[in-house]
Amino acid sequence: MFAGGSAWAAKSSGGDEARLKQLRGRIEALQEKLNETRGRRDDVREEVRGLERRIGGLMNNLRKTESQLRANEKKLADLNARAARERGNLGAQRRQLARQIYTAYLMGRQEYPKMLLNQENPARVSRVTTYYDYLNRARTERIAHIRTTLARTETLEQQIRAQHRELENLRASQREQKTALETSRVRRGELLASLNREVRGQSQQMERLRADEKRLEQLIEELKTVLPEPNLPPRAGTPFAKLRGRLPLPTRGPIIARYGGSKNLGNLKWRGLLIGGREGQNVISVFRGRVVFADWLRGFGLLLILDHGDGYMTLYGHNQSLHKGVGEWVEAGEIVASLGNTGDMPQPAVYFEIRQNGQPRDPLIWCKAR
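The rules behind the values
- Residues numbered from 1 in each chain as written.
- Predicted model: local features only at pLDDT ≥ 70, side-chain atom pairs only at ≥ 80, totals over all residues.
- Heavy atoms only, no water.
- Helix = DSSP H or I, 4+ residues; strand = E, 2+ residues; numbered from the N terminus.
- Buried < 20%, exposed > 50% of the residue type's maximum accessible area, 1.4 Å probe, protein only.
- Contact = heavy atoms within 4.5 Å.
- Areas by Shrake-Rupley, 256 points an atom, 1.4 Å probe, with all protein chains shown as cover.
- Salt bridge = Lys/Arg side-chain N within 4 Å of Asp/Glu carboxyl O.
- Phe/Tyr/Trp six-rings, centres within 6.5 Å; stacked < 30°, edge-to-face > 60°.
- Core = buried A, V, L, I, M, F, W, Y, C linked by side-chain atoms within 4.5 Å.
- Pairing = 2+ DSSP bridges.
- pLDDT = per-residue confidence, 0-100.

**With respect to the overall build of the chain**
Scanning the chain from terminus to terminus reveals seven helices and twelve strands. For the chain, buried positions account for 44% of its 370 residues. Pairs at least 24 residues apart make up 73% of the contacts formed inside the chain by residues separated by at least 6 positions. For the chain, the exposed area adds up to about 19600 Å²; of that, 49% sits on carbon and sulfur atoms.

Rendered as structure tokens:
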């Protein structure tokens, strides 16, 4: 999940790959500490964590494979169209050559050598000689064109055969990825069902949710200590603080839970928005920033956190897969994840928070509904 980041190294003030590697190491150590296991139930959650990470990686690979398949299918269609045009050109050239040969045959019936020896009509001999020379040159040129077209056609047919092989390999890879994905999903479902059976009453649920919230708070606080200031370049435009009420929501869908709303478990309240949607739909960045966390966190599943500078962060949780890694810069509106239900979420949704100096803020004050 910590792949990528060369863009950050290039754009950060004084940043380089070694510094980025060190930053990733510190964040990964922090993440491992937050998800430390403490018993059988936590061991099961650790297996869920591994499966949800694996599913996210498989979904990313599948998305890339399908995109490559579409590109290769288009390339194959273009090659077939070019080959069809070349075959049409070849047919036309062959017909022209046939006409030239027939014309030469007709002229040949006039006993060309005899006319050359006939000195009675020099003008006629000169004219016929010119015709013969013209026909010979035209025939030679036409044969050369045919050979060139044949070579081009053969090259295109070789490319088409290679493209067919590549497509077959991609489809085989796609089938393997889908099989692995289905196996991981089935196992994840079994583990989640066993965890749910072990929850006995509201007190256990409240304890779990409080522990999840505490982990997130620890993560936010410790990120503030390990991360350098983003140093957004001047081209970033209007700062985050000036866009209150004008930011987009990260995805389209019904708002299932609102900031400040009750979780129906004691006095626990939502610190962000829960936005429903279909599994796999796009989750976008609401503002330009740098990825400072992109991994699994207990209670929030596959979580992505963006640092926007000036103390502002946005959080995107329960994703099916993450498209960006720690250190990468993203632009406003760029796709950063796919919506999912990781981290014990019973339905596909994205959990979205806005933080100012570590404190949660109501996203609906900052964002306009689509």
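Moving on, there is more to tell.
**Regarding the pattern of salt bridges**
Applying the stated criterion to the full structure yields eleven salt bridges. In this structure, Arg 53 and Asp 295 form a salt bridge, with 2.4 Å as the shortest nitrogen-oxygen distance. With a gap of 242 residues between them, Arg 53 in helix 3 (residues 40-108) and Asp 295 in strand 5 (residues 289-297) connect regions that are remote in the sequence. For Arg 53, a relative accessible area of 23% gives the class partly exposed. Note that Arg 355 and Glu 217 form a salt bridge whose closest N and O atoms lie 2.9 Å from each other. You can see Arg 355 sitting in strand 10 (residues 349-356) and its partner Glu 217 sitting in helix 6 (residues 201-226), a full 138 residues away along the chain.

**A look at the packing of aromatic side chains**
For the coordinates displayed, the defined rule picks out seven aromatic pairs. Considering the side-chain rings of Phe 240 and Tyr 312, the 4.7 Å spacing of their centres and the 25° angle between planes classify their relative orientation as stacked. Placement of Phe 240 in the loop between helix 6 and strand 1 (247-248) and of Tyr 312 in strand 7 (residues 312-322) is noted, with a sequence separation of 72 residues between them. Residue Phe 240 is classed as buried on the basis of its relative accessible area, which comes to 1%. Among the residues examined, Tyr 312 registers a relative accessible area of 6% and is labelled buried. Note on Trp 270 and Tyr 351: the rings are 6.0 Å apart at their centroids and 45° apart in plane angle, and the pair reads as tilted.

**A few points about the nonpolar core**
Within the largest apolar cluster, 49 residues are counted, with the highest numbers of intra-cluster contacts made by Leu 219 and Ile 305. Secondary structure elements with two or more residues in this core: helix 2 (17-34), helix 6, strand 3 (273-276), strand 5, strand 6 (301-309), strand 7, strand 9 (335-339) and strand 10. No other element matches the six residues that strand 5 contributes to this core. Residues Leu 69, Leu 79, Leu 156 and Leu 170 belong to the second largest nonpolar core, which totals eight residues.

**Concerning the pairing of strand 6**
Where burial is concerned, most of strand 6 is hidden: nine out of the nine residues are buried. As defined by bridge partners, strand 5 adjoins strand 6 across seven bridges and the pair is classed as antiparallel. Bridging from a neighbouring strand, Leu 297 pairs with Gly 301 of strand 6. Sheet topology places strand 6 next to strand 7; six bridges connect them, and they run antiparallel. Note that in strand 7 the partner of Leu 304 across the bridge is Tyr 316. Hairpin connection between strand 6 and strand 7: a loop of two residues separates the two successive antiparallel strands, and Asp 310 in this loop has a positive phi of roughly 55°.

**Some points on the side chain of Asn 341**
Note that Asn 341 resides in the loop between strand 9 and strand 10. By relative accessible area, which is 18% here, Asn 341 ends up buried. Filtering out sequence-adjacent residues up to four positions away, Asn 341 remains in contact with Glu 52, Arg 188, Glu 279, His 318, Gln 347 and Pro 348.

**A look at unusual backbone geometry**
Even without glycine at this site, Asp 310 takes up a positive phi of about 55°. Note that Asp 310 resides in the loop between strand 6 and strand 7. Positive phi is not limited to glycine here, since Asp 344 has a value of about 70°. Among the structural elements, Asp 344 can be located in the loop between strand 9 and strand 10.

**Details of the environment of Arg 175**
Mapped onto the elements, Arg 175 comes out in helix 5 (residues 122-198). Given a relative accessible area of 52%, Arg 175 falls into the exposed group. The spatial distance from the C-alpha of Arg 175 to the C-alpha of Leu 62 is 9.4 Å, given a sequence separation of 113 residues.

**Let's talk about the environment of Asp 212**
Locating Asp 212 in the fold gives a position in helix 6. With residues near it in sequence (within four places) discarded, Asp 212 still touches Arg 298, Gly 299 and Phe 300.

**Here we look at the confidence of the model for the chain**
In the predicted model, the chain carries a mean pLDDT of 78, and 74% of its residues have values of at least 70. This stretch, residues 1-15, has a pLDDT under 50; its non-local contacts, to residues over four places away or in other chains, come to 49 contacts.

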